[in-house]
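# Architecture at a glance
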Amino acid sequence: MFVERLRQLGYVDGENVRIDYRFGDGRHDVMDTLARELAVTRPTVIMAVGDQAISAAKKATTTVPIVMLACDALTVGFVTSLSRPGGNVTGVTCVSTELSAKRVGLLKEILPRLSRAGIMLNPANASKPWDAEQTRVAARGVGIVTILQEVVEPPDIERAFAAFVKERAEALIVLDEAFTILNAKQVTDLAVRYHLPTMHAWGEMVAAGGLISYGPSLSEMVRMSAGYVAKILKGAKPADLPVEQPTTFELVINLKTAKALGLTIPPSLLARADEVIK
Amino acid sequence: MNRRCLCIVVAALYLLPAAPLAGEAQQAGNLRDRVGYLSLGRAARRRCSSNAFVSWVTWTART
């Protein structure tokens, strides 16, 4: 997606640009090292995907331009202003505050009597504690008590589900990011096993077996990010490029999961879905 | 195989892998712009690219 968009913008990997990849493979502890490895090679620009990558890249360099794909850049402090980011960081970010309330509302549409919900978050992701707080406030506003569980390593997932069950959670809001997506199968399988309908941020989690998601279009965000990279390759300065927000939001519902959980999705909600997995 | 032939074979084995690497290095040197790509995710395996969710990189780069 990123490579394809760059190609459309005139930059072909191996022909007129070289892309050096560094993947953490889900390990938070290696991100700083990987970022330093990239920074010392003095690339024209660093594309940093996700909060951990952005944090690491920012620590590694204050001069190499960084294009971020972030969850909540302003809240986390990746930039001080969306319109004038200043410094060496710009890119694309969503704003979790509005999304948190929307997700809680959608879950309540499916489960009108919902009174206790779990929130699963990875605290190593800088924006997630804030997102969790926004979700907790939104839930409380519609009479839902929330149970927070943190997951950092894969064994934490099973432990978190045990805690949700013990605390009598009736649904689960997963604050998706790299860790949950890397462990999507485990998260969604356990949710079905423990009979917990799940709300997600990304449609990819619903494709993996989650119940419902609402969030920005990842493909749009990646395409937008590639646009920033191309502009910087053409000579633009990151400080002069305002941070943009995604404009396309997707509602995805998995009817197979709904059936497995014995749930009926309201027709009014199905009619609004951008994608229904049958 | 006499000793001379053996030496040639051994030398060839060393040189063969080096040739494409040298070519790549030369090509890389010609590329003016470089992009560093950093993600907590997992590198894609090309064989699995049909399953868009197999790798985190589908999220990010090579789909």
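The structure this text deals with has already been given above.
This report concerns the structure included in the present document. (Residues numbered from 1 in each chain as written. Chains lettered and ligands numbered in written order. Predicted model: local features only at pLDDT ≥ 70, side-chain atom pairs only at ≥ 80, totals over all residues.)

On to the interface of chain B and chain A. Taken residue by residue, the interface counts 20 residues in chain B and 43 residues in chain A. With 7 residues, the single largest contributor to the side of chain B that touches chain A is strand S1 (residues 33–39) of chain B. Taken together, the residues that form the side of chain B that touches chain A break down as 11 nonpolar, 5 polar and 4 charged. Sheet topology note: the strand S1 (residues 17–23) of chain A/S1(B) ladder contains 7 bridges and is parallel. If you follow A:Arg22 over to S1(B), its bridge partner there is B:Leu38. (Contact = placed C-beta atoms within 7 Å. Helix = DSSP H or I, 4+ residues; strand = E, 2+ residues; numbered from the N terminus. Nonpolar A, V, L, I, M, F, W, Y, C, P; charged D, E, K, R; others polar. Pairing = 2+ DSSP bridges.)

What follows is about the pairing of strand S3 (residues 66–70) of chain A. The two faces of a sheet get side chains in turn, since along a regular strand they alternate between them. All names here are of chain A. Counting buried positions along S3 yields 5 of 5 residues, so the element is predominantly enclosed. Burial along S3 is two-sided: Ile66, Met68 and Ala70 facing one way and Val67 and Leu69 facing the other are all buried. Summarising the sheet, strand S2 (residues 45–49) and S3 pair through 4 bridges and their orientation is parallel. Within S3, the residue paired with methionine 47 across the bridge is valine 67. With respect to chirality, the unit in which S2 leads through helix H3 (residues 51–60) into the neighbouring parallel S3 is right-handed. Relative to strand S4 (residues 89–93), S3 runs parallel, the two sharing 5 bridges. Pairing of methionine 68 across the sheet is with glycine 91, part of S4. (Buried ≥ 20, exposed ≤ 12 C-beta atoms within 10 Å, placed from the backbone. Right-handed = clockwise from strand over helix to strand, strands pointing away.)

Further remarks concern the sheet that holds S3(A). In a beta sheet, neighbouring strands are held together by backbone hydrogen bonds and run either parallel or antiparallel to one another. Ordered in space as S1(A)-S1(B)-S2(A)-S3(A)-S4(A), the 5 strands form an open sheet in which the pairing is parallel. Looking at the sheet topology across the chains shown, the edges are occupied by S1 and S4 of chain A. Adjacent strand axes in the sheet meet at a mean angle of 20° when their direction is disregarded. One ladder, built from 5 bridges, connects S2(A) with S1(B); its direction is parallel. Residue pairing in the sheet places A:Val45 in a bridge with B:Val35 of S1(B). Sitting on the sheet, H3(A) touches S2, S3 and S4 of chain A together with S1 of chain B, and the angle it makes with S3(A) is about 155°. Sheet strands touched by helix H11 (residues 218–233) of chain A: S1, S2, S3 and S4 of chain A together with S1 of chain B. Its angle to S3(A), the strand with the most contacts, is close to 170°. (Axes fitted to C-alpha atoms, helices over the stretch in contact; angles between N-to-C directions.)

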